Amino acid sequence: MAVTASLNIAEARQRARARLPRGLFEYIDRGTEDETGIATSKTALDGLVFKPRVLVDVSKRDATTRLFGVSQPMPLVVAPTAVAGLVWYDGEVELAKAAAAVGIPFCVSTQSITSIERIAGESGARLWFQLYVWRSRERTRELVRRAERAGAEALVLTVDTAVTPNREYNIRNGFGIPIKPSLRAGLDCLAHPRWFAGVFAKYLRNGGVPTYAHYPDEFRTALGRVAVGDEIGLAQDVGWDDVRSLRDDWKGKLILKGVLRADDAEKAAELGVDGIVVSNHGARNLDHAIHPARCLADIADRVGDRVTVLADSGVRRGSHVAGYLGLGAQGVLLGRAVLYGLATDGAAGAQAVLEMVRRELLTTMGFLGAPTVADILGTVERPG
């Protein structure tokens with residue numbers, strides 16, 4: 001039976017919270033350390049001020065936009081999120097189906113528990129692939145070639161995760177990725193029987209505890225633990241030479257995700273990168289990192305004529321999307337918001353969230369006197 005659609009993302013979040021084990025919900029919902037960045041994110045986006053135009057014909061508002069030369073019905077992309085397949089059974093495939101249904105790309109995570117090959121084969125979605133660089137550059141190149149063979153249109157290099165974030169709540173609640181069996185985590189799962197029966201038990205019946213699908217076979221075990229060694233550990237020495245190498249090897253669009261400084265954006269443009277995502281990783285990595293709303297306009301001014309500028313982090317309303325677009329972004333990535341919908345009703349729930357954001361964006365455009373997405377630019381007061 002289909003779930004009644006949530007009226008807004010806050011309501012979708014509460015439904016996801018009720019359905020998911022606490023550890024899993026906190027993994028997708030919370031920030032890092034003291035979570036100052038989570039509070040800052042809400043303040044930054046809610047504090048954006050619009051300067052609407054009046055007496056403009058907005059009877060035929062259109063959210064269609066072009067990203068990297070491709071027309072799509074709305075200026076959104078489903079962001080890469082690790083282990084979305086634990087939020088709903090086959091969650092990555094479901095997210096991709098939702099993206100395909102509304103005509104936008106889905107970005108597959110390196111840490112997906114479903115392979116990009118299977119996602120491509122079962123969803124019909126336009127796929128991007130998010131890349132973490134491993135210590136073994138050869139292993140990394142093999143993964144990039146795999147994404148290319150699977151038909152990924154864009155490679156999204158995450159550049160803001162040089163070290164593992166300090167997410168203390170995951171230690172407290174007993175949740176870990178990869179899955180680490182513990183009494184606390186087990187009791188947490190059993191306290192949420194709908195999730196346990198509909199997700200985890202299904203995996204147990206159909207092959208066992210899931211693990212990272214893009215890691216080489218020799219680094220995975222039947223219990224879902226990844227034996228991360230020197231070869232596929234997170235590289236801490238990623239530099240501009242890696243960007244140059246990827247630019248030489250990757251024939252599709254190359255995007256850097258996690259740029260927060262204009263000088264870094266200019267360097268990326270000089271190296272021939274096609275796009276950047278102005279992002280603080282949803283306040284999940286470095287607490288107190290500047291929010292994208294505070295630096296986006298400056299970055300767009302500096303490189304917007306050379307690269308496609310995207311933004312993400314903290315979006316809860318269509319008006320937040322409009323805020324990013326008004327500050328110079330050409331598109332916006334949605335992560336947590338879509339996961340909330342996924343948690344309650346799979347692909348249908350995720351699609352409902354995407355369509356909700358589109359409706360809210362169109363409403364905001366009407367009040368802004370912006371018939372098209374391009375008309376939003378200039379209707380947002382730049383943060384001081």
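Residues numbered from 1 in each chain as written. Predicted model: local features only at pLDDT ≥ 70, side-chain atom pairs only at ≥ 80, totals over all residues. Heavy atoms only, no water.

Per an unreviewed UniProt entry, the protein chain goes by the name Alpha-hydroxy acid oxidase and belongs to Azospirillum brasilense. Under Cofactor (unreviewed entry), UniProt gives the following word-for-word description of the protein chain: "FMN". Here is the UniProt Sequence similarities (unreviewed entry) comment for the protein chain, exactly as written: "Belongs to the FMN-dependent alpha-hydroxy acid dehydrogenase family." (UniProt positions renumbered as here; feature names shortened; annotations may be inferred.)

Caption draft 1: Looking closely at the packing of helix H4 (residues 91-102) against helix H14 (residues 336-368). Interaxial distance between H4 and H14 falls to 8 Å at its minimum, and their mutual angle equals 15°. Classified by the interaxial angle, the pair formed by H4 and H14 is roughly parallel. Considering how the two elements wind past one another, H4 and H14 form a crossing that is right-handed. Contact with H4, carried on its side by Gly91, Glu94, Leu95, Lys97, Ala98, Ala99, Ala101 and Val102, involves Val338, Leu339, Leu342, Gly346, Ala347, Ala350, Gln351, Leu354 and Glu355 of H14 and no other residues of that element. (Axes fitted to C-alpha atoms, helices over the stretch in contact; angles between N-to-C directions. Helix = DSSP H or I, 4+ residues; strand = E, 2+ residues; numbered from the N terminus. Parallel < 35°, antiparallel > 145°, perpendicular 65-115°, else oblique. Left-handed = near helix turned anticlockwise from the far one by under 90°. Contact = heavy atoms within 4.5 Å.)

Caption draft 2: Main features of the environment of Asp29. Residue placement: Asp29 occurs in helix H2 (residues 22-29). The class for Asp29 is buried, based on a relative accessible area of 9%. Separated by 210 residues in sequence, Asp29 and Gly239 have C-alpha atoms that sit 30 Å apart. Those residues within four positions of Asp29 in sequence are excluded, and the remaining contacts are Arg13, Ile38, Arg336 and Tyr340. A polar atom in the side chain of Asp29 sits 2.9 Å from the side chain of Arg13. (Buried < 20%, exposed > 50% of the residue type's maximum accessible area, 1.4 Å probe, protein only. Polar contact = N/O pair within 3.5 Å; in protein donor to acceptor, adjacent residues only side chain to side chain.)

Caption draft 3: Seen up close, the pattern of salt bridges. Counted according to the given criterion, the structure contains 26 salt bridges. In this structure, Glu35 engages Arg30 in a salt bridge whose closest nitrogen and oxygen atoms are separated by 2.6 Å. As a salt-bridge pair, Arg306 and Glu266 come within 3.9 Å of each other at their nearest N and O atoms. With a gap of 40 residues between them, Arg306 in the loop between helix H12 (292-303) and strand S10 (308-311) and Glu266 in helix H11 (residues 262-270) connect regions that are remote in the sequence. Looking at Arg306, the relative accessible area reads 44%, which means it is partly exposed. Three or more residues joined by partner-sharing salt bridges are found here, namely Glu266, Asp298, Arg302, Asp305 and Arg306. (Salt bridge = Lys/Arg side-chain N within 4 Å of Asp/Glu carboxyl O.)

Caption draft 4: Region of interest: helix H13 (residues 318-326). Of all nine residues making up H13, eight are buried, and the element is well covered by its neighbours. Residues of H13 that are buried: Gly318, His320, Val321, Ala322, Gly323, Tyr324, Leu325 and Gly326. Backbone geometry just after H13 places Gly328 at a positive phi near 120°.

Caption draft 5: Geometry of the pairing of strand S7 (residues 154-158). Of all five residues in S7, five are buried, a share of seventy percent or more. Side chains Ala154, Val156 and Thr158 of S7 all project onto a buried face; the interleaved residues Leu155 and Leu157 project onto the opposite face, where all are buried too. Here strand S6 (residues 127-131) runs beside S7; their pairing, made up of four bridges, is parallel. The residue of S7 that forms the bridge with Gln130 is Val156. (Pairing = 2+ DSSP bridges.)

Caption draft 6: Representation of the side chain of Thr308. Mapped onto the elements of the fold, Thr308 is located in strand S10. For Thr308, a relative accessible area of 11% gives the class buried. For Thr308, the contacting residues outside a window of four places in its chain are Leu67, Phe68, Asp274, Gly275, Ile276 and Gln330.

Caption draft 7: Just the packing of H2 against H14, in detail. Relative orientation of the contacting elements H2 and H14 amounts to 155°, with a least axis distance of 10 Å. The angle between H2 and H14 falls in the class roughly antiparallel. Where H2 abuts H14, its residues Phe25, Ile28 and Asp29 lie against Arg336, Leu339 and Tyr340. Here the contact of H2 with H14 is composed, by residue class, of four nonpolar, no polar and two charged. (Nonpolar A, V, L, I, M, F, W, Y, C, P; charged D, E, K, R; others polar.)

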